[in-house]
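# Inside the fold
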Amino acid sequence: VIEQIFISHPQGKMNGIPTITTSMLCNPICEQRAKDETSVCAHCYAKRGLAIYPAARNRYAENTKILSSHDLEVYELPVLNSRIARFESHGDLVNVTHAKNYIRIARANPWCTIALWTKNAAFMDKAIKELGKPDNLICVYSSDHLNQVSQDFSNYSWIDKVFTVYDKAYSKQHNVGINCGARNCLTCHKCYEHNSIFFVNESLNKEALHHVKELQ
């Protein structure tokens, strides 16, 4: 039996953007970061959402196993019938194999621009050094602390954007320009194209669950 990668079709702000994601519940790096109260991961919407929707939790866990366990064969690569898509909305890169498989999926779907969010840049760095970076892959380095840009992004020349979350009090006090559309990624679109915007700043939404109800 060939295990198939599950393509999610989220509701909420990501409505209309197909997503291939793993589960943060299966990622020990995510679990460790969530214990740090100063980390943005302490406010993880994915953990709350997956606790509510077991069907999504199971499918994303299966994706984690498939993507991180072996190099995908050509017949295992999913086809994305979309002009834009996303890698990772409820997890992060588990290892270098996982990162290499995202490169393979991007290459197999050249008509689709795919944005990857990751805090685990070292895995993608090794994968890109081995396989190169496809033109249709946009790498978004996600800052791991609230109100603070992760400065080590400068270590990686392949990063296209840096995504940082700010709480409303801090952004107001320090006059941070919030340029993430937040309510609708499809119409905002700035993370899903090569443009002049390098720093993307989002306002913390404590109520966000990144809707995964589609599987119920």
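See the structure printed just above.
Because the structure is predicted, anything quoted here is derived from the model rather than measured.

## Comments concerning the overall build of the chain
When helices and strands are tallied, the chain shows seven helices and six strands. Element order for the chain, N to C, with α for helix and β for strand: β-α-α-α-β-α-β-α-β-β-α-α-β. A total of 216 residues make up the chain; the buried ones form 50% of that total. Of all intrachain contacts in the chain linking residues separated by at least 6 positions in sequence, the fraction that spans at least 24 positions is 72%.

## Some words on the packing of helix α4 (residues 96-108) against helix α5 (residues 121-131)
Two elements in contact, α4 and α5, have axes separated by 8 Å at closest approach and are oriented at 55°. By the angle class used here, α4 and α5 are oblique. Between α4 and α5 the crossing geometry is right-handed. Residues Val96, Ala99, Lys100, Ile103, Arg104 and Arg107 of α4 form the contact with α5, whose participating residues are Phe123, Met124, Lys126, Ala127, Ile128, Glu130 and Leu131.

## Remarks on the packing of aromatic side chains
Working definition: an aromatic ring pair is given by the centre-to-centre distance plus the angle between the planes. One pass over the structure, following the stated rule, counts 10 aromatic pairs. Pairing phenylalanine 87 with tyrosine 102 gives two aromatic rings, centres 3.9 Å apart and planes at 10°, and the pair type is stacked. On the criterion of sequence distance, the pair formed by phenylalanine 87 in strand β2 (residues 84-87) and tyrosine 102 in helix α4 is long-range, its members being 15 residues apart. A residue is classified by how much of its surface remains accessible, and phenylalanine 87, at 0% relative accessible area, is buried. Under the relative-accessibility criterion, tyrosine 102 is labelled buried at 0%. A ring pair is formed by tryptophan 117 and tyrosine 192, whose centres lie 5.6 Å apart and whose planes are at 50°; its orientation type is tilted. Residue tryptophan 117 is found in strand β3 (residues 113-118), and its partner tyrosine 192 is found in the loop between α7 (185-188) and β6 (199-203); the two are separated by 75 residues along the sequence. With respect to burial, tryptophan 117 and tyrosine 192 carry one shared label: buried.

## Comments concerning the pairing of strand β4 (residues 137-142)
As a general feature of sheets, a regular strand has side chains that alternate between the two faces. The buried count for β4 comes to six of six residues, which makes it a mostly enclosed element. Residues Leu137, Cys139 and Tyr141 point to one face of β4 and Ile138, Val140 and Ser142 to the other, with burial holding for every one of them. As defined by bridge partners, β3 adjoins β4 across five bridges and the pair is classed as parallel. Paired with tryptophan 117 across the strands is valine 140, a residue of β4. In this region the chain leaves β3, passes through α5 and returns to the parallel neighbour β4; the handedness of that crossover is right-handed.

## Some points on the pairing of β3
Among the six residues that make up β3, five are buried, leaving the element largely enclosed by the rest of the structure. Two strands pair when backbone bridges link them, and β2 and β3 are joined in this way by four bridges, in the parallel orientation. Along β3, the bridge assignment pairs isoleucine 84 with threonine 113. In this fold, β2 hands off to α4, which returns the chain to β3; that crossover is right-handed.

## Points about the sheet that holds β3
Strand order in this open sheet of six strands is β1-β2-β3-β4-β5-β6, and the pairing throughout is parallel. The open sheet has two free edges, formed respectively by β1 (19-20) and β6, since each of these has just one partner strand. When β1 meets β2, the two strands line up parallel, connected through two bridges. If you follow threonine 19 over to β2, its bridge partner there is arginine 86.

## Here's the deal with the pattern of salt bridges
The tally for this structure, following the rule as stated, stands at eight salt bridges. For glutamate 62, the salt bridge identified is with arginine 59, shortest N-O distance 3.6 Å. Of the two residues, glutamate 62 and arginine 59 are both situated in helix α3 (residues 54-69); the distance of three residues between them amounts to about one turn of the helix. Judged by its relative accessible area of 33%, arginine 59 falls in the partly exposed class. Among the salt bridges present, the one from lysine 100 reaches glutamate 130, with a minimum N-O distance of 3.2 Å.

Reading the values: the criteria
Residues numbered from 1 in each chain as written. Predicted model: local features only at pLDDT ≥ 70, side-chain atom pairs only at ≥ 80, totals over all residues. Heavy atoms only, no water. Helix = DSSP H or I, 4+ residues; strand = E, 2+ residues; numbered from the N terminus. Buried < 20%, exposed > 50% of the residue type's maximum accessible area, 1.4 Å probe, protein only. Contact = heavy atoms within 4.5 Å. Axes fitted to C-alpha atoms, helices over the stretch in contact; angles between N-to-C directions. Parallel < 35°, antiparallel > 145°, perpendicular 65-115°, else oblique. Left-handed = near helix turned anticlockwise from the far one by under 90°. Phe/Tyr/Trp six-rings, centres within 6.5 Å; stacked < 30°, edge-to-face > 60°. Pairing = 2+ DSSP bridges. Right-handed = clockwise from strand over helix to strand, strands pointing away. Salt bridge = Lys/Arg side-chain N within 4 Å of Asp/Glu carboxyl O.

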